[in-house]
Amino acid sequence: MQTCSICNAASPDDASHCVNCASDLGQFSLTAVALKRMQENPRVRAVRISIAGDACSHCYELMKTYPKNKVPVLPHRGCSHGNGCRCMYEPVLEETAIVGKVAE
Ligand SMILES: [Zn+2]
Ligand SMILES: [Zn+2]
Ligand SMILES: [Zn+2]
């Protein structure tokens, strides 16, 4: 499932353009817009992919933190779940990295 950021219509995972307004979903789906915003934000160190609780094994394997310039495109093309890929991007902020540091 992909949601168009321009008209809010839902399109299938394999659609390249919005079924309602024909916008390019590679640029204008909610996930694509969210990723672009994170990549442009200097405070975002990396991007984590979070998955739905009942995600398929393909999506499960790809639940990782990625460098900002190597984030895979969502929805995952190989998703086998009946409702399609529902993975989301999550920003990993500088602050989070500092909190996550191990004390000496
Ligand atoms: Zn649309
Ligand atoms: Zn999946
Ligand atoms: Zn997925």
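Use the structure listed above.
None of the values given here were measured: they were computed from a predicted structure.

### Some words on helix α2 (residues 30–40)
- Listing the buried residues of α2 in full gives Thr31, Ala32, Leu35 and Met38. One side of α2 carries all its buried residues, which in axial view fall inside an arc of 125°. Facing away from the buried surface of α2 by more than 90 degrees, the exposed residues are Lys36, Arg37 and Glu40.
- Buried residues belonging to α2 abut α1 (25–28), β3 (44–50) and β5 (88–93).

### A short note on the environment of Tyr66
- One can find Tyr66 in strand β4 (residues 65–67).
- Separated by 20 residues in the primary sequence, Tyr66 and Ala46 place their C-alpha atoms 5.8 Å from one another.
- When residues no more than four places from it in sequence are discounted, the contact partners of Tyr66 are Ala46, Val47, Ile49, Val71 and Pro72.
- In terms of polar contacts, Tyr66 uses its side chain to reach the backbone carbonyl oxygen of Leu62, at 2.9 Å.

### Brief notes about the coordination of the zinc ion (ligand 3)
- For the zinc ion (ligand 3), the full set of protein donor atoms is Cys59 (SG), His76 (ND1), Cys85 (SG) and Cys87 (SG), at a range of 2.1 to 2.3 Å.
- Given four donor atoms and angles of 101 to 126° at the metal, the environment of the zinc ion (ligand 3) is assigned as tetrahedral.
- Sequence spacing among the residues donating to the zinc ion (ligand 3) works out to C-x16-H-x8-C-x1-C.
- Here the zinc ion (ligand 3) and the zinc ion (ligand 2) are spaced 4.2 Å apart, and both take Cys59 as a donor.

### Details of the coordination of the zinc ion (ligand 2)
- The zinc ion (ligand 2) binds to the protein through Cys56 (SG), Cys59 (SG) and Cys79 (SG), with metal-donor distances spanning 2.2 to 2.3 Å.
- We note that the donor set of the zinc ion (ligand 2) lies within a single chain, spaced as C-x2-C-x19-C.
- Using a relative accessible area of 8% as the deciding quantity, one classes Cys56 as buried.

### Notes on the sheet that holds β4
- The strand order across the open sheet formed by three strands is β4-β3-β5, and the pairing between neighbours is antiparallel. The sheet is open, and its two edges are formed by β4 and β5, each paired on a single side. Taken over all neighbouring pairs, the strand axes of this sheet differ in orientation by 35° on average, direction set aside.
- Bridge count between β3 and β5: six bridges; the pairing is antiparallel. By the bridge assignment, Val47 is partnered in β5 with Pro91.
- Running at roughly 10° to β5, α2 makes contact with β3 and β5 of the sheet.

### Comments concerning the nonpolar core
- Val47, Cys59, Cys87 and Tyr89 are the most contacted members of the largest nonpolar core, which has 15 residues in total.
- In terms of residue count, β3 provides more of this core than any other element does, three residues in total.
- Ranked by size, the runner-up nonpolar core spans five residues in total, among them Cys4, Ala9, Cys18 and Leu25.

Calculation criteria
- Residues numbered from 1 in each chain as written.
- Chains lettered and ligands numbered in written order.
- Predicted model: local features only at pLDDT ≥ 70, side-chain atom pairs only at ≥ 80, totals over all residues.
- Heavy atoms only, no water.
- Buried < 20%, exposed > 50% of the residue type's maximum accessible area, 1.4 Å probe, protein only.
- Helix = DSSP H or I, 4+ residues; strand = E, 2+ residues; numbered from the N terminus.
- Arc of directions from axis to C-beta.
- Contact = heavy atoms within 4.5 Å.
- Polar contact = N/O pair within 3.5 Å; in protein donor to acceptor, adjacent residues only side chain to side chain.
- Donors = N, O, S within 2.8 Å, 3.2 Å for Na, K, Ca; no water.
- Tetrahedral: all angles 85-135°; square planar, octahedral: opposite > 155°, others 65-115°.
- Pairing = 2+ DSSP bridges.
- Axes fitted to C-alpha atoms, helices over the stretch in contact; angles between N-to-C directions.
- Core = buried A, V, L, I, M, F, W, Y, C linked by side-chain atoms within 4.5 Å.

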